[in-house]
Amino acid sequence: MAKDCESLLRERLDDENLQKLMALRNSKLHCFVAEAVELCDPDSVFVVTDSAEDVARVRRLAIELGEETPLATDGHTVHFDGFRDHLCNDQSRDRENTKYLVPPRMHLGAKLNTADREEGLVEVRSYLRNAMAGKQMFVRFFSLGPTGSVFSISGVQLTDSAYVAHSEDLLFRPGYEQFRELGNSADFFRVLHSAGELESSVSVNMEGKRIYIDIQDECVYSVNTQYAGNTIGFKKLCLRLAIRKADREGWLSEHMFVMGVHGPGRRVTYFTGAFPSFCGKTSTAMLPGETIIGDDLAYLRNIDDEARAVNVENGIFGVIANVGPDDDPVIYDVLTKPGEVIFSNVLVRGGVPYWLGMGRDLPADGTNYAGRWTAGMKDPLGREVTASHKNARYTVRLSELANLDERANDPAGVPIRGIIYGGRDSDTSVPVRQSFHWAHGVIINGAGLESESTAATLGQEGVRSFQPMSNLDFVSIPLGRYVQNHLDFGEVLTGPPLIFAVNYFLKGKDGAYLNGIQDKRVWVKWMELRVHGDVGSVVTPVGHIPRHEDLQRLFREVLGREYTEAEYVQQFTLRIPENLKKLERVSEIYRTQVSDTPQVFFDVLAAQRKRLLAAQTKHGDYISPLTLAG
Ligand code: SPV
Ligand code: MN
């Protein structure tokens, strides 16, 4: 077999590319490329090493092939993903067509989207057959996590999209040299992607969009799509494989940022944070005054009984809507100065990118994801085409950010002292709270996480969805087992991270948000002080919450404003009926939809319920934090 692969490669690759591939003495790699070449039939194969020359050529090709168009500012380009109407488009992750291919008799639980492995492989291969005819195949090597580290996982991606290949240069650490070290090991992830049939460099066969994850073979297939979340295999697609690998090997693969929060006396305390999309995860990770390690994916390991984490990635594929100079100055700066940036699905006019909520007026016409655009334009279904897509994005290297943490590439990771869970919750949870202990945090803050949709996504505001660890879309093992892995991870650590929950979206009775966008800068400082025991707390039935005097001082120091007792009482009033309802919802889901929920889960929920009921009997439905502070 290895011999056949090699002769096929010799037939199809030119000398230079063949040599680059053969320098990596890995027969599984060679066969993966050979079989993909045979299946997809590209005109040529470009094996991309870590050299600056190869990397620059990928970017050039993205422009030459029309997948990216240069903008007026040096280094900026724009890419558009296909759009026909609001039901048929390629601007977001496609949940419905993303499936795990599972062998017979393997069960992943009701919450996971699965297909029969053999049938799925036949189907996706039928779409991939000859899909690269007339095109070039890029062979890309990356390291997930810092190179040469206990955390690193090697990955190879084959794609016919220069935009995908280019985006990966910004998002991941180069891995060709790491593949050399790998020798003939079979321990790496593989991704095969084709954008499929193109018109004006855009995927058009959207009915044929398939994203299949073969968990048995650790291989991802993606076809007839270009949206990065569906195509850049090392982002969310390999996250699913990494969750399984972590399960086997006893570590955690999470949808989390990693950041350094700066405390008194130059102290830096590292946190990870899990928030569903559109809930402030990236903007928290890059708060001014703090330092960023990563905004989306983290690997956590127990190293000498300490939790340590790395950023899986090396760049950011971030939501651009509402990024403006006041609320997100760090990234706004990167997006408006010369440097390598790929904008996707924004509005362009005169070589300048525009997006919703950027803090300036948008032009009345231009080019966007729907083609030529004018204000008020409707799609064929009669729905408004917004100036930029609400999931329009930017892709940049982390090194462009002024506040990159100096330990961002530390092969040993950084010690994690706090974990933050956040969701969109208009009526239940206080803005920040700390759980009583590891299991309490894992279960209530993490596994019990819910988030509300916005009007823009479901047409109906305030629909809560269940978002355990904000990782539900990517969990590739039975959910109860995944929760158990979290419980086990912390149990053996000496001083496990404290677990916090934040809620940036709490509303008052009048429907207005109770917090300012900048308030999260205070919450992270409070959490940092809690880690070191530098501030006390008010003990409530749901955990520890801040005292007014500590917040008052922090609001002055961080935001230079007074934080009144009235504000505090409004924001931190414990809402007992809402909290009881939340417990019921979470309990119901784990009782009826998750077959292997650990018993401790229900015990922790029951204890919280008991505390809430006791407080309700004593103080009523809505309890001021001042009452609880005694
Ligand atoms: C998210 O949606 O959580 C993202 C972007 O980070 S994607 O790569 O599409 O997952
Ligand atoms: Mn994400």
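Residues numbered from 1 in each chain as written. Chains lettered and ligands numbered in written order. Predicted model: local features only at pLDDT ≥ 70, side-chain atom pairs only at ≥ 80, totals over all residues. Heavy atoms only, no water.

A. Structural view of the overall build of the protein. Each helix and strand counted, the protein has 20 helices and 37 strands in total. Taken over C-alpha atoms, the radius of gyration comes to 25 Å for the protein, in line with the 25 Å a tight globule of 630 residues would show. Intrachain contacts of the protein at a sequence separation of at least 6 include 73% that bridge at least 24 residues. Accessible surface for the protein amounts to roughly 23800 Å². Of this, 48% is attributable to carbon and sulfur atoms. (Helix = DSSP H or I, 4+ residues; strand = E, 2+ residues; numbered from the N terminus. Rg over C-alpha atoms; globule rule 2.2 N^0.38 Å. Contact = heavy atoms within 4.5 Å. Areas by Shrake-Rupley, 256 points an atom, 1.4 Å probe, with all protein chains shown as cover.)

B. How the structure looks around empty space enclosed by the protein. Applying the stated criterion across every chain, the model contains seven cavities of 30 Å³ or more. Approximately 150 Å³ is the volume attributed to the largest cavity. Among the residues making up the lining of the largest cavity, the classes are represented as five nonpolar, eight polar and eight charged. Quantified by volume, the second largest cavity comes out at close to 60 Å³. Every residue along the wall of the second largest cavity is listed here: Leu-108, Gly-109, Ala-110, Lys-111, Leu-112, Pro-478, Leu-479, Gln-593, Val-594, Ser-595 and Asp-596. When the residues that make up the lining of the second largest cavity are grouped by side-chain class, the tally is six nonpolar, three polar and two charged. Looking at which domains feed residues into the lining of the second largest cavity, each of domain 1 (3-50 + 93-249) and domain 2 (253-316 + 407-629) supplies at least three. (1 Å grid on protein atoms, 1.4 Å probe; cavity = no way out; pocket = protein on both sides within 12 Å on 5 of 7 lines; lining within 4 Å. Points joined across faces, edges and corners; volume = space filled by probe spheres on them. Nonpolar A, V, L, I, M, F, W, Y, C, P; charged D, E, K, R; others polar. Domains from an automatic or database assignment.)

C. Focus on helix 12 (residues 438-447). Across the 10 residues that make up helix 12, a large majority, 10, are buried. Along helix 12, the residues that are buried comprise Trp-438, Ala-439, His-440, Gly-441, Val-442, Ile-443, Ile-444, Asn-445, Gly-446 and Ala-447. (Buried < 20%, exposed > 50% of the residue type's maximum accessible area, 1.4 Å probe, protein only.)

D. Just the pattern of salt bridges, in detail. According to the stated counting rule, one finds 45 salt bridges in the structure shown. With its nearest N and O atoms 2.8 Å apart, the salt bridge here joins Arg-481 to Asp-247. Here Asp-247 lies in helix 9 (residues 233-249) and Arg-481 lies in helix 14 (residues 479-491), a separation of 234 residues in the sequence. (Salt bridge = Lys/Arg side-chain N within 4 Å of Asp/Glu carboxyl O.)

E. How the structure looks around the coordination of the manganese ion (ligand 2). Within the protein, Lys-236 (NZ), His-255 (NE2) and Asp-296 (OD) serve as the donor atoms for the manganese ion (ligand 2), at 2.1 to 2.4 Å. If you list the donors of the manganese ion (ligand 2) from N- to C-terminus, the spacing comes out as K-x18-H-x40-D. Taken as a pair, Lys-236 in helix 9 and His-255 in the loop between strand 16 (252-254) and strand 17 (257-262) lie far apart in primary sequence, 19 residues in all. When its relative accessible area of 3% is taken as the criterion, His-255 is described as buried. (Donors = N, O, S within 2.8 Å, 3.2 Å for Na, K, Ca; no water.)

F. Representation of the sheet that holds strand 2 (residues 69-70). Ordered by their spatial adjacency, five strands build an open sheet running 2-3-23-28-22, and the pairing between neighbours is mixed. Looking at strand neighbours, the two that pair on one side only are strand 2 and strand 22 (315-319), the edges of this open sheet. The sheet contact formed by strand 23 (residues 341-344) and strand 28 (residues 393-397) spans three bridges and is antiparallel. For Ser-344, the partnering residue across the bridge sits in strand 28 and is Arg-393. In the packing of helix 11 (residues 329-336) onto the sheet, contacts are made with strand 3 (76-79), strand 23 and strand 28, and the angle to strand 28 comes to roughly 85°. (Pairing = 2+ DSSP bridges. Axes fitted to C-alpha atoms, helices over the stretch in contact; angles between N-to-C directions.)

G. Fine view of the side chain of Arg-190. On the secondary structure map, Arg-190 appears in strand 11 (residues 188-194). Residue Arg-190 is classed as buried on the basis of its relative accessible area, which comes to 7%. Apart from residues lying up to four places away in sequence, Arg-190 is in contact with Lys-28, Phe-32, Val-156, Asp-217, Glu-218, Cys-219 and Val-220.

H. How the structure looks around the site of ligand 1. As a structural note, the neighbourhood of ligand 1 is formed by Arg-93, Tyr-227, Gly-229, Lys-235, Lys-236, His-255, Ser-277, Asp-296, Phe-317 and Arg-393. In this structure, an oxygen atom belonging to ligand 1 sits 2.7 Å away from a side-chain N or O atom of Arg-93. A distance of 3.5 Å separates an oxygen atom of ligand 1 from a polar side-chain atom of Arg-393. Across the complex, the protein chains shield 94% of the 280 Å² of accessible surface that ligand 1 would expose by itself. Tallied by class, residues from the shell around ligand 1 come to two nonpolar, three polar and five charged. Here the shell around ligand 1 gathers at least three residues from each of two domains, domain 1 (3-50 + 93-249) and domain 2 (253-316 + 407-629). (Near = heavy atom within 4 Å. Polar contact = N/O pair within 3.5 Å; in protein donor to acceptor, adjacent residues only side chain to side chain.)

I. Representation of the nonpolar core in the model. Core analysis: the largest hydrophobic core is formed by 88 residues, its most contacted members being Leu-144, Tyr-299, Tyr-590 and Phe-601. The two domains that each donate at least three residues to this core are domain 1 (3-50 + 93-249) and domain 2 (253-316 + 407-629). Residues within four places of Leu-144 in sequence aside, it is in contact with Phe-151, Ser-152, Ile-153, Phe-172, Phe-189, Phe-234, Cys-238, Tyr-299 and Val-312. Ranked by size, the runner-up nonpolar core spans 63 residues in total, among them Phe-83, Leu-287, Val-323 and Leu-335. (Core = buried A, V, L, I, M, F, W, Y, C linked by side-chain atoms within 4.5 Å.)

J. Representation of the state of the cysteines. As enumerated under the stated definition, the model contains one disulfide in all. Looking at Cys-40, it has no disulfide partner, and the nearest cysteine sulfur is the one in Cys-219, 11 Å off. The exposure class of Cys-40 is buried, given its relative accessible area of 0%. Free of any disulfide, Cys-219 has its nearest cysteine sulfur in Cys-238, 8.9 Å distant. Judged by its relative accessible area of 1%, Cys-219 is buried. (Disulfide = S-S within 2.5 Å.)

K. Representation of helix 19 (residues 599-619) within the structure. Between its first and last C-alpha, helix 19 extends 30 Å over 21 residues, near the 30 Å set by a 1.5 Å rise per residue. Those residues of helix 19 that fall on the buried side of the exposure criterion are Phe-601, Phe-602, Val-604, Leu-605, Gln-608, Leu-612 and Ala-615. Down the axis of helix 19, the sector holding all buried residues measures 160°, keeping them to one side. Along helix 19, the residues that are exposed and aim more than 90 degrees away from the buried face are Gln-599, Lys-610, Thr-617 and Lys-618. Gly-620 sits one or two positions beyond helix 19 and adopts a positive phi of about 100°. (Expected span 1.5 Å × (residues − 1). Arc of directions from axis to C-beta.)

L. Region of interest: the pairing of strand 15 (residues 219-223). Burial analysis of strand 15 places five of its five residues in the buried class, which makes it a mostly covered element. In strand 15, alternate side chains face the same way, and those of Cys-219, Tyr-221 and Val-223 on one face and Val-220 and Ser-222 on the other are all buried. In this sheet, strand 15 lies alongside strand 11 in parallel orientation, the contact comprising five bridges. Across the sheet, the residue bridging to Arg-190 is Cys-219, located in strand 15. The pairing of strand 14 (residues 210-214) with strand 15 spans five bridges and is classified as antiparallel. By the bridge assignment for strand 15, Tyr-212 is matched with Tyr-221. Here strand 14 folds back onto strand 15, and the loop between the two strands holds four residues, one of which, Glu-218, carries a positive phi near 50°.

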